[in-house]
Amino acid sequence: MNILKHLSRREKIIFYITISIIAINLGYSFIFRPLLEKYKQLNQEVLAKRITLEKAQRLISQKDIIEREYNKLSSSFKLTGSAEEQMAKVLSQIESTATKESITISNMRPQPIQDKKFYKRFVVELKCEADINRLFKFFYELENPASLLKIESLKLNPKAAQSSIFEASILISKLAIP
């Protein structure tokens, strides 16, 4: 501290003020700001956890309703009988819907049953013809949630030029849980 003895009173004050400013800046940069950032990060994590907890509490409060719906829907997807019997049911369901809507089926071919890890997928390739209104009503009936059928692909072509009759090639599928 020999250097300070040679400084005037004014220079000492400026020196101490400079050292204080540097110390405050270092304290802010290396202590206060990292703590503030960590505090903000922890607050965001707490907020995210609270939101997750609230969602979980809502689900727990609706547990009975969810279980009833799950049991009702899972029974619809359950495979009853053998896979071949289920395919026959799918074919008859498609045929009865087509008959009800006055659709002429020209070809209905079941595809091989796809046996996946947790479910079986039944696919039917269907070629049919009718006027456009009946076809769309048929599509609507097939996609009805009660039937659990899904139209995966659809190709429509007019049977003849200037004709109101259309030919449709449809790929229909249904999932079932074994």
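Residues numbered from 1 in each chain as written. Predicted model: local features only at pLDDT ≥ 70, side-chain atom pairs only at ≥ 80, totals over all residues. Heavy atoms only, no water.

Engineer: I'd like to hear about the environment of L156, residue by residue, with values.
Structural biologist: Position of L156 relative to the elements: it lies in strand β4 (residues 149-158). As a C-alpha pair, L156 and L135 span 21 residues in sequence and 9.7 Å in three-dimensional space. With near-sequence residues (within four places) excluded, L156 lies in contact with I132, L135, F136, F139, F166, E167 and A168. (Helix = DSSP H or I, 4+ residues; strand = E, 2+ residues; numbered from the N terminus. Contact = heavy atoms within 4.5 Å.)

Engineer: Explain a nonpolar patch on the surface to me, using residue names and the numbers behind them.
Structural biologist: Together, I22, L26, F30, I31 and L35 make up a nonpolar patch on the protein surface, roughly 540 Å² of accessible area in all. Looking at the secondary structure, you find F30 in helix α2 (residues 9-61). Judged by relative accessible area, which is 61%, F30 ranks as exposed. (Patch = residues over 30% accessible without salt bridge, like charges linked within 9 Å, V, L, I, M, F, W, Y side chains within 5 Å. Areas by Shrake-Rupley, 256 points an atom, 1.4 Å probe, with all protein chains shown as cover. Salt bridge = Lys/Arg side-chain N within 4 Å of Asp/Glu carboxyl O. Buried < 20%, exposed > 50% of the residue type's maximum accessible area, 1.4 Å probe, protein only.)

Engineer: For the environment of S82, give the residues involved together with the corresponding values.
Structural biologist: Mapped onto the secondary structure, S82 falls in the loop between α3 (63-77) and α4 (83-100). Sequence separation between S82 and E67 is 15 residues, and the spatial gap between their C-alpha atoms is 27 Å.

Engineer: Explain the packing of aromatic side chains to me, using residue names and the numbers behind them.
Structural biologist: Counting across every chain of the model gives four aromatic pairs. On the numbers, 5.8 Å between centres and 65° between planes, the contact of F15 with Y16 is edge-to-face. Chaining the aromatic ring pairs together yields one cluster made of F136, F138 and F139. (Phe/Tyr/Trp six-rings, centres within 6.5 Å; stacked < 30°, edge-to-face > 60°.)

Engineer: Mind laying out the side chain of S173, listing which residues take part and the relevant values?
Structural biologist: Mapped onto the secondary structure, S173 falls in strand β5 (residues 165-176). Of note is the side chain of S173, whose polar atom sits 2.5 Å from the side chain of E152. (Polar contact = N/O pair within 3.5 Å; in protein donor to acceptor, adjacent residues only side chain to side chain.)

Engineer: Hey, could you go over the nonpolar core for me, with residue numbers and the actual values?
Structural biologist: In this structure, I94, C128, F138 and I170 are the most contacted members of the largest nonpolar core, which totals 22 residues. Those elements that provide at least two residues to this core are α4, β3 (120-131), α5 (132-142), β4 and β5. At six residues, the largest contribution of residues to this core is made by α4. Excluding its chain neighbours within four sequence positions, the residues that come into contact with I170 are V124, E125, L126, C128, F138, F139, I151, S153 and L154. (Core = buried A, V, L, I, M, F, W, Y, C linked by side-chain atoms within 4.5 Å.)

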